Amino acid sequence: MWHCYFLYLSGGLLSASKCNFGLRHLFLYEDKDSLSFVAGVQETFSLKLEPSFFASFFSPPRIKDEPDDDGFYASPKEDSKPLKRPREDDDLLVLKHLFSERGNIVACSNSFFLILQDSKAKKAKNKDKKVPEADKRKKPKKEEEQKWKWWEEERYPEGIKWKFLEHKGPVFAPPYEPLPENVKFYYDGKVMKLSTKAEEVATFFAKMLDHEYTTKEIFRKNFFKDWRKEMTSEEKSTITNLSKCDFTHMSQYFKAQTEARKQMSKEEKQKIKEENERLLKEYGYCVMDNHKERIANFKIEPPGLFRGRGNHPKMGMLKRRIMPEDIIINCSKDSKIPPPPPGHKWKEVRHDNKVTWLVSWTENIQGSIKYIMLNPSSRIKGEKDWQKYETARRLKKCVDKIRNQYREDWKSKEMKVRQRAVALYFIDKLALRAGNEKEEGETADTVGCCSLRVEHIKLHPELDGQEYVVEFDFLGKDSIRYYNKVPVEKRVFKNLQLFMENKQPEDDLFDRLNTSILNKHLQDLMEGLTAKVFRTYNASITLQQQLKELTNPDDNIPAKILSYNRANRAVAILCNHQRAPPKTFEKSMMNLQSKIDAKKEQLADARRELKSAKADAKVRRDEKSKKTVESKKKAVQRIEEQLMKLEVQATDREENKQIALGTSKLNYLDPRISVAWCKKWGIPIEKIYNKTQREKFAWAIDMAEEDYEF
DNA sequence: TGCCATACTTAGAAGGCCCGTC
DNA sequence: GACGGGCCTTCTAAGTATGGCA
């Protein structure tokens, strides 16, 4: 007997009738006797397929696209109805893609789809326009083939983040393992056995003993206060002074453990690696709308001491252990809800598809909410990223108008408008952050544009031969110092003088302005415009301009990459992305320099050898000596190239000493600019983006051609 | 309008891992 | 095979922005 099936994929998103294959086009039969299947297309074609091929299709929802298809399926739900998808047009592509994934039908799949295309010829033809030339020319590698091109699908309506979400919940920090008996803690020179709770917190301090933090007064004070809360009353009465606590033995024990880990055998290391991989496989992915997606941070933050940046008033406080009872789970109603660890329960399970997070909890230091969300390579993050750059591109179209407007506003009768206009000028010209208000005493004292204080700027009517110079000196995000002397227009200068009149150093420079007022104004100028869009826009446009200016068509690849890094660096400087110079910087520069010196000597030798070979060839005039000259020539060329590479490397590294390129590359530069540049100059994309970055920017790599303009 | 809660992006530090060199 | 160094990943802090409510 023959049974007819709908082709039923991933929670029913793609059923045969709905995707316009229709029963008219596609029938799938199960032959109960032989346990095999037959696919028929309008009775013009039939294909016998193994049951294994269909097995996953008949288990809704089925997850597509991950390279390691490990059978990680969401559990089928009897009552789950197919979700209507606003992306039907792409079903053919999706199906084609899916079918081509299956090695067992690849040989048949072409004819299979040819027939389908016949019945939808027009549609399929249009679809082809979307496929980049390169994709048509060469057969994509397996890895590429399996990637889901979410950017070719329609987006969900505003506000809806997903329709189906299933995950396994978070991974908790391992429980505390008490120290071995022989590891001692000393108080006032005497051995003291601590209770488990007090000992655990003590180990947090011991592990940081070599860090500068533990020398800081606030850190020590906060730590000691919170530590005492974990002590027994007896311990509390004994341990009254942190300076009398000796953690060195504990610290040595942890260092020895680190050392032992390094010395582990290959097999032991492999075992740990495998365990991590297992954890990742089990908890590191979720199913979001038919696709298996990587989770960014599936591990709950372990307890420890809070490491605030800069002069954070709460540094050293105890970050408590997060328990299942603190956790809110967010997933689909019809998904398999992750079970809490035995003997525990979740704080709450909710089903909110207007947010992107899977798990949340409230931390105890600032009382803020922490989230578990998806990896940057996921659809949900990628779409948002793409959208961000599109907003910045829209700003490009109206930025001149906005600039004219704020220049006009410098003359406004209203103080509020003038302040807004000057602040916006700084945000635009200097790529300053918006500068939200912060609760005093709760965080480090840092500012952005709107929260600048009088003490953060100095006005110089003339400085180093330039007129109307503003000297900025303040701590920005992460307590990174912003120091800059900027010549500004006379009107800006005069306005600043006005804003500073009769104010104390600690008073707000823009006392009639905050980020909310500013952003409301920006929203009126362009839909979706906020202060941070200027940073994205200016970063991306700077990269594009710099690349045009710095790329020399005659340069070889390393020199072109140096140009790229220089363009990237210009952006990082604009955005003030600094880093502490690496501890090994001087040493590594010296090493590189000695390599260069050695290479120079090698080159001199090679040139000498070439000269004598030429002389020899002149005398001998035979084939053998001619050949020797040729090989010596090649050797010189090779060494010259190697030397050049080393010199470029040294320049690049020196210029990068205190500048962090990663942040702008990852967050501010429209990746399509970089992709287009690579395509234009024949630079392999791997030279610009590493694997993770390529995954994050897969959408850009796929869609940008060499003529892309930001 | 201000305040607070919430959700999400942006950020540098730290440490692990991998690769080149000896 | 050991070692060193740099790149990559992970971690989580610190921002921005928005919406709801009084």
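Everything numeric in this text was worked out from a predicted model, so none of it was measured.

Section: the protein's contact with DNA strand B
So, step 1. Taken together, the neighbourhood of DNA strand B is formed by 27 residues, with His211, Lys381, Lys477, Thr663 and Tyr668 sitting nearest.
So, step 2. A breakdown of the atoms of DNA strand B within 4 Å of the protein gives sugar and phosphate a share of 84%.
So, step 3. The contact in question runs from a phosphate oxygen of DNA strand B to an N or O atom on the side chain of Arg535, over 2.7 Å.
So, step 4. Contributing elements (two or more residues each) for the surface near DNA strand B: strand S18 (369–372), helix H13 (379–409), helix H17 (531–550) and helix H21 (662–667).
So, step 5. For the surface near DNA strand B, the element with the most residues is H13, which contributes 3 residues.
So, step 6. Split into classes, the residues belonging to the surface near DNA strand B amount to 8 nonpolar, 6 polar and 13 charged.

Here's the deal with unusual backbone geometry
So, step 1. A positive phi angle is found at Asn290, which is not glycine, with a value near 75°.
So, step 2. Relative to the assigned elements, Asn290 resides in the loop between strand S11 (285–288) and strand S12 (291–294).
So, step 3. Even without glycine at this site, Asn576 takes up a positive phi of about 60°.
So, step 4. Residue position: Asn576 is located in the loop between helix H18 (557–574) and helix H19 (585–620).

Overview of the nonpolar core
So, step 1. The biggest cluster of nonpolar side chains holds 76 residues, and the ones touching the most others in it are Leu395, Phe426, Phe472, Leu496, Phe510 and Phe534.
So, step 2. Setting aside residues no more than four positions away along its own chain, Phe472 makes contact with Phe426, Leu430, Leu452, His456, Ile457, Tyr482, Tyr483, Asn484 and Val486.
So, step 3. Grouped together as the second largest cluster of nonpolar side chains are 28 residues, Tyr187, Ala202, Phe247 and Phe254 included.

Examining the protein's contact with DNA strand C
So, step 1. Neighbouring residues of DNA strand C: 31 residues in total, closest Arg309, Lys370, Lys532, Ser588 and Thr692.
So, step 2. Across the atoms of DNA strand C situated within 4 Å of the protein, the share located in sugar and phosphate is 88%.
So, step 3. Contact between DNA strand C and Gly435: a phosphate oxygen at 2.7 Å from a main-chain N or O atom of the residue.
So, step 4. The backbone of Asp478 places a nitrogen or oxygen atom 3.1 Å from a phosphate oxygen of DNA strand C.
So, step 5. Counting residues per element, the ones that place at least two in the surface near DNA strand C are helix H16 (515–525), H17 and H19.
So, step 6. Per-element tally for the surface near DNA strand C: the top contributor is H19, with 3 residues.

Things to note about the sheet that holds S11
Within a sheet, adjacent strands bond to each other through the backbone by hydrogen bonds, running parallel or antiparallel.
So, step 1. Sheet architecture is open: 3 strands sit in the order S7-S11-S12, paired in antiparallel fashion. Each edge of the open sheet is held by one strand with a lone partner, namely strand S7 (165–166) and S12.
So, step 2. Strand direction decides the pairing type here: S11 and S12, joined by 4 bridges, are antiparallel. Following the sheet pairing, Met288 is matched in S12 by His291.

Description of the pairing of S11
So, step 1. Burial of the side chains of S11 extends over both faces: Tyr285 and Val287 are buried on one face and Cys286 and Met288 on the other.
So, step 2. The pairing of S7 with S11 spans 2 bridges and is classified as antiparallel. Paired with Glu166 across the bridge in S11 is Val287.
So, step 3. Linking two consecutive strands that pair antiparallel, namely S11 and S12, is a turn of 2 residues; a positive phi of about 45° is found at Asp289 within it.

The rules we used
Residues numbered from 1 in each chain as written. Chains lettered and ligands numbered in written order. Predicted model: local features only at pLDDT ≥ 70, side-chain atom pairs only at ≥ 80, totals over all residues. Heavy atoms only, no water. Near = heavy atom within 4 Å. Polar contact = N/O pair within 3.5 Å; in protein donor to acceptor, adjacent residues only side chain to side chain. Helix = DSSP H or I, 4+ residues; strand = E, 2+ residues; numbered from the N terminus. Nonpolar A, V, L, I, M, F, W, Y, C, P; charged D, E, K, R; others polar. Core = buried A, V, L, I, M, F, W, Y, C linked by side-chain atoms within 4.5 Å. Buried < 20%, exposed > 50% of the residue type's maximum accessible area, 1.4 Å probe, protein only. Contact = heavy atoms within 4.5 Å. Pairing = 2+ DSSP bridges.

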